[in-house]
There are 2 protein chains.
Amino acid sequence: MARKKYQEIAEHFELLVLSGRLRPGDRLPAERQIMEEFDAGRSSVREALFSLQRQGLLTSRPGAVPRVSTPTVDGMFAELSGSMRHYLNRPEGLREMQDARALLEIGLARRAAQTASGDDIKKLEKALDANRAARDLDTFVQTDVAFHLAIARISRNPVFEALNAALSDWLKDQRVKSSASGASFEEVADQHVKIFEAIKNKDVEAAAEAMDRHLAIVVDRYWKAVM
Amino acid sequence: MARKKYQEIAEHFELLVLSGRLRPGDRLPAERQIMEEFDAGRSSVREALFSLQRQGLLTSRPGAVPRVSTPTVDGMFAELSGSMRHYLNRPEGLREMQDARALLEIGLARRAAQTASGDDIKKLEKALDANRAARDLDTFVQTDVAFHLAIARISRNPVFEALNAALSDWLKDQRVKSSASGASFEEVADQHVKIFEAIKNKDVEAAAEAMDRHLAIVVDRYWKAVM
DNA sequence: TAGGAGAATTGGTCTTACAAGTTTATCAGC
DNA sequence: GCTGATAAACTTGTAAGACCAATTCTCCTA
């Protein structure tokens with residue numbers, strides 16, 4: 001049996017979706033019906049549906065027939081969180097991901113400085129103020145994440161938003177540890193001010209520079225904290 | 001039954017791995033042994049192993065006992081390729097991903113210009129020459145991918161390598177269509193030369209600029225080709 | 001030491017069973 | 001006739017167990 005049965009079933013419905021004959025929101029046949037249609041056991045049908053679910057092509061809740069849905073970037077990154085937790089468990093993995101985050105955030109800062117509208121600046125300033133007003137660790141970390149997310153949003157690209165959110169989540173531990181370790185909130189918030197000012201002044205190089213320095217300090221502080 | 005049986009089994013082995021009592025390469029017990037150990041049926045054991053496999057924690061081949069393995073970035077991005085195909089099926093999705101690729105590649109070009117060693121330059125030049133020597137579409141696309149990958153490798157970060165490779169794969173169609181549509185290989189190869197020269201001269205801004213222009217042209221040509 | 005036969009093991013599939021949730025149909029009351 | 005609650009029917013989630021084929025592992029033999 002070259003082609004597994006569950007693959008055959010999965011491909012069948014995948015094609016129906018790709019070709020548009022099944023549209024988001026449509027209801028799929030019940031498992032028993034699919035069983036008959038393909039002369040398959042329930043395990044095969046369920047494995048096929050499971051595979052489609054992992055691809056974000058359908059959502060299923062207990063008791064109800066599955067419905068077709070469109071994959072989102074958020075959903076895709078959510079798929080990774082399981083593997084990512086183990087990947088970041090190794091020091092090299094964590095270092096590599098911190099490095100990747102830096103490239104992303106510096107690039108986003110650069111873009112923000114290039115393209116930010118007046119409204120964007122206003123929103124960013126609000127996020128900045130919230131961060132500066134933070135007095136406890138929880139609030140500080142949360143507003144810190146929000147500030148960086150606001151910068152990502154300026155790109156108007158959902159991929160960057162989702163990536164930024166996902167990386168914030170994966171590296172949350174780093175944020176907490178490096179914030180908790182000694183440094184005053186003001187110091188970090190001051191770096192945020194520098195980033196904000198550069199974006200506001202549309203000074204692309206200064207924005208990239210400020211973000212670079214900011215992340216380098218945060219990462220450095222994290223490694224000092226855990227050692 | 002609050003905690004599902006397969007979750008219990010999965011968590012048990014996940015903890016063994018996280019705590020280091022099971023190390024990469026170690027052999028897991030046979031499925032039947034696990035069944036006895038947890039007083040579970042085979043479906044539960046298989047579902048648990050399946051879940052661990054998705055997290056990249058173990059690899060299993062037919063006939064052999066599963067072995068512990070560490071998740072790799074390549075593996076993680078491979079997980080996404082299914083969802084990604086559907087995501088890119090929508091024009092906005094494709095545009096967003098092209099944009100994301102641009103930010104990555106421009107950032108990598110910048111880094112390459114900052115940090116490239118003599119050896120890196122030599123390897124990059126080799127990739128460039130191979131690309132310039134390409135005479136047919138297949139070879140051209142393949143050497144084009146290799147050139148961009150060589151730039152990514154200069155970062156010395158497996159995450160960027162894997163990301164670059166994954167994006168090349170996901171956007172392969174774009175490369176083929178935009179290469180096939182009218183433009184001479186020389187024109188594109190000339191843009192590669194500009195990028196290479198900038199990296200070689202450690203001119204960071206020129207490298208970013210050249211990569212930006214290069215990608216903009218390629219993307220532009222793709223959209224003209226498909227419309 | 002090399003090769004091959006047989007045992008061990010997993011992968012894939014099917015069947016059956018029950019629990020838990022959702023949808024649909026029915027019916028009483030207004 | 002319409003509305004709302006209740007029950008029946010349906011559907012998925014979880015689980016156990018059985019079978020065969022394909023692959024790997026082990027050990028014995030030459």
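Residues numbered from 1 in each chain as written. Chains lettered and ligands numbered in written order. Predicted model: local features only at pLDDT ≥ 70, side-chain atom pairs only at ≥ 80, totals over all residues. Heavy atoms only, no water.

> Is there a simple way to explain the interface of chain B and chain A in this structure?
Interfaces are often sized by the amount of accessible area the parts lose when they come together. Each partner contributes to the interface: chain B provides 35 residues, whereas chain A provides 36 residues. Around 3400 Å² of area is buried between chain B and chain A when both sides are counted, 62% of it from carbon and sulfur atoms. Here chain B and chain A share four salt bridges between them. Between E14(B) and R85(A) there is a salt bridge whose closest N-O contact spans 2.2 Å. Summed over the shared surface of chain B and chain A, the number is 14 residue pairs in polar contact (both at pLDDT 80 or more). The leading source of residues in the side of chain B that touches chain A is helix α5 (residues 91–115) of chain B, at 11 residues. Looking at side-chain class alone, the side of chain B that touches chain A contains 18 nonpolar, eight polar and nine charged residues. (Contact = heavy atoms within 4.5 Å. Buried area = accessible area lost by both parts, 1.4 Å probe. Salt bridge = Lys/Arg side-chain N within 4 Å of Asp/Glu carboxyl O. Polar contact = N/O pair within 3.5 Å; in protein donor to acceptor, adjacent residues only side chain to side chain. Helix = DSSP H or I, 4+ residues; strand = E, 2+ residues; numbered from the N terminus. Nonpolar A, V, L, I, M, F, W, Y, C, P; charged D, E, K, R; others polar.)

> Please explain the protein's contact with DNA strand C as it appears in this structure.
For DNA strand C, the set of nearby residues contains 26 residues, the closest of which are K5(A), A30(B), E31(B), R32(B) and R42(B). Sugar and phosphate atoms represent 66% of those atoms of DNA strand C found within 4 Å of the protein. S43(A) is positioned such that a nitrogen or oxygen atom in its side chain is 3.3 Å from a base nitrogen of DNA strand C. Within the contact set of DNA strand C, a phosphate oxygen lies 2.4 Å away from a backbone nitrogen or oxygen of E31(B). Residue assignment for the surface near DNA strand C shows that the elements contributing at least two residues are α1 (5–18) and α3 (42–54) of chain A together with α2 (31–38) and α3 (42–54) of chain B. No other element matches the three residues that α3(A) contributes to the surface near DNA strand C. Within the surface near DNA strand C, the residues separate by chemical class into nine nonpolar, six polar and 11 charged. (Near = heavy atom within 4 Å.)

> Teacher, can you tell me more about the packing of helix α9 (residues 172–180) of chain B against helix α11 (residues 204–226) of chain B here?
Two quantities define a packed helix pair, namely the angle between the helix axes and the distance between the axes. Residue and element names in this part refer to chain B. Interaxial distance between α9 and α11 falls to 8 Å at its minimum, and their mutual angle equals 80 degrees. Judged by the inter-axis angle, α9 sits roughly perpendicular to α11. For the pair α9 and α11, the contacting residues are D173, Q174, K177 and S178 in the first and V218, V219, R221, Y222, A225 and V226 in the second. Its residues assigned to classes, the contact of α9 with α11 comprises five nonpolar, two polar and three charged. (Axes fitted to C-alpha atoms, helices over the stretch in contact; angles between N-to-C directions. Parallel < 35°, antiparallel > 145°, perpendicular 65-115°, else oblique.)

> Looking at this structure, how should I read the packing of aromatic side chains?
Centre-to-centre distance and the angle between the planes together describe a pair of aromatic rings. Residue and element names in this part refer to chain B. For the structure shown, the criterion picks out eight aromatic pairs over all chains. Summarising the aromatic geometry, the rings of F13 and F38 are spaced 6.3 Å apart at their centres and angled 50 degrees between planes, so their arrangement reads as tilted. Highlighted residues: F13 in helix α1 (residues 5–18) and F38 in helix α2, separated in sequence by 25 residues. Assessed through its relative accessible area of 4%, F13 is described here as buried. Judged by relative accessible area, which is 19%, F38 ranks as buried. Between Y222 and W223, the ring centres sit 5.2 Å apart and the planes meet at 75 degrees, which makes this aromatic pair edge-to-face. The two residues Y222 and W223 agree in class, both being buried. Positioned above the aromatic ring of W223 is the side chain of R95, whose terminal nitrogen or guanidinium carbon lies 4.1 Å from the ring centre. (Phe/Tyr/Trp six-rings, centres within 6.5 Å; stacked < 30°, edge-to-face > 60°. Buried < 20%, exposed > 50% of the residue type's maximum accessible area, 1.4 Å probe, protein only. Lys NZ or Arg CZ within 6 Å of the ring centre and 35° of its normal.)

> It is not clear to me how the protein's contact with DNA strand D should be interpreted in this structure. Could you clarify?
Close contacts around DNA strand D come from 25 residues, with R32(A), R46(A), K5(B), G41(B) and S43(B) the closest. Contacts to DNA strand D include G41(B), whose backbone N or O atom sits 2.4 Å from a phosphate oxygen. R42(B) has a polar side-chain atom sitting 3.4 Å from a base nitrogen of DNA strand D. Listing elements by their share of the surface near DNA strand D, those giving two or more residues are α2 (31–38) and α3 of chain A together with α1 and α3 of chain B.

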